[in-house]
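Survey of secondary and tertiary structure
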Amino acid sequence: MKLYLDSHTNTHVVTGYGDDHVMIDKERYEGNLLLTASRIVTGWAPAAGGDLAGLTEADLAAAAGLGAQILIVGTGRRQRFPPPQLLRPLIEARIGFEFMDFAAACRTYNILAGEGRAVALALLHERAA
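These numbers come from a predicted model, not from an experiment.

The next subject is the nonpolar core. By size, the foremost hydrophobic cluster in this structure holds 21 residues, and its most contacted members are W44, L55, L60, L71, L90 and L124. Of all elements in the fold, only α1 (57–64), β6 (70–74) and β8 (119–123) reach the threshold of two or more residues within this core. The element that contributes the greatest number of residues to this core is α1, accounting for three residues. When neighbours within four sequence positions are excluded, L124 is seen to be in contact with N32, W44, A45, A48, G49, L52, L55, V73, G74, T75, G76 and F102. Counting residues in each nonpolar core, the second largest holds 19 residues, with V22, I70, M100 and Y109 among its members.

Structure follows, in structure tokens:
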């Protein structure tokens, strides 16, 4: 087996997650956020809280402004989808998108970021019941 040196040492990766947090490069973050290989944007989608129904077109426009070609949205423990009209900023910017549960979103982001792809991860933490 050949092993190669990881050349993505400057790439932010998800190292863990829970219902109320995500670990990025072994540092804990709470609340909704946006993540790219080079940026961590906290305080994203503040009105949404963890409620997908509170997500706005402006929230997705902010995500579209990160320069990614693909946006992965983690929607908590289960996969949920927004109303189609909210997707306009992503469609107009020609950004591919996928809504997934947290676990799938974090894994997919790490794989694509590790490949050097222009990917962004948006995480919506579910509100406690």
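In this section: the sheet that holds strand β2 (residues 21–24). Judged by pairing direction, the sheet is antiparallel, and its three strands sit side by side in the order β1-β2-β3 without closing on themselves. Lying at the two open borders of the sheet, with one neighbouring strand each, are β1 (14–18) and β3 (27–29). The mean angle between the axes of side-by-side strands here comes to 20°, regardless of whether they run parallel or antiparallel. Alignment of β1 against β2, held across four bridges, turns out to be antiparallel.

Attention now goes to α1. Regarding α1, the residues found buried are D59, L60, A63 and A64. In an axial view of α1, the angular spread of the buried residues amounts to 140°, which keeps them on one side of the axis. Each element contacted by the buried residues of α1 is listed here: β4 (33–36), β6 and α2 (88–92).

The subject of this paragraph is the side chain of H12. Mapping H12 onto the fold places it in the segment before β1. A distance of 2.6 Å separates a polar atom in the side chain of H12 from a polar atom in the side chain of D25. Those residues in contact with H12, other than ones at most four positions away along the chain, are I24, D25, L35, T36, A37, S38, R39, I40 and Y109.

A separate point is the pattern of salt bridges. Tallied over the entire structure, the rule returns five salt bridges. Between R77 and D19 there is a salt bridge; the shortest N-O distance is 2.3 Å. Taken together, the residues R77 in the loop between β6 and α2 and D19 in the loop between β1 and β2 connect sequence positions 58 residues apart. Notably, a salt bridge pairs E30 with R28, separated by 3.0 Å at the nearest N-O pair. Given the relative accessible area of 54%, E30 is considered exposed.

Mapped onto the elements, T42 comes out in strand β5 (residues 40–42). Residues T42 and E30 lie 12 residues apart in sequence; the distance between their C-alpha atoms is 8.5 Å. Sequence-distant contacts of T42, that is, excluding residues within four places in its chain, are made with Y29, N32 and L33.

About the thresholds
- Along each chain, residue indices are assigned from 1 in the same order as the chain's sequence is written.
- Where local features are concerned, this predicted model is filtered to residues with pLDDT of at least 70; where side-chain atom pairs are given and counted, the filter is 80 or more; whole-chain, interface and lining totals use all residues.
- Side-chain figures throughout are based on the complete set of non-hydrogen atoms in the structure, without hydrogens or water.
- The set of buried Ala, Val, Leu, Ile, Met, Phe, Trp, Tyr and Cys residues whose side-chain atoms join them within 4.5 Å is what this entry labels a nonpolar core.
- Only protein chains enter the accessibility calculation, which uses a 1.4 Å probe; a residue is then buried when its area is under 20% of its type maximum, exposed when over 50%, and partly exposed in between.
- In this description a helix means any DSSP run of H or I spanning at least four residues, a strand means any run of E spanning at least two, and both kinds are numbered starting from the N terminus.
- Throughout, a contact is declared for two residues whenever any of their heavy atoms are within 4.5 Å.
- Two strands qualify as a pair provided DSSP detects at least 2 bridges between them.
- Here an angle of 0 to 180 degrees is reported between the N-to-C directions of two axes, which are lines fitted to C-alpha atoms, with helices fitted over the stretch in contact.
- Within this analysis, the arc is defined by the directions that extend from the helix axis to the C-beta atoms.
- Any pair of nitrogen or oxygen atoms within 3.5 Å is treated as a polar contact; in protein, a donor-acceptor pairing is required on top of that, and neighbouring residues in sequence qualify only through side-chain atoms on both sides.
- The term salt bridge refers to a side-chain nitrogen of Lys or Arg lying within 4 Å of a carboxyl oxygen of Asp or Glu.

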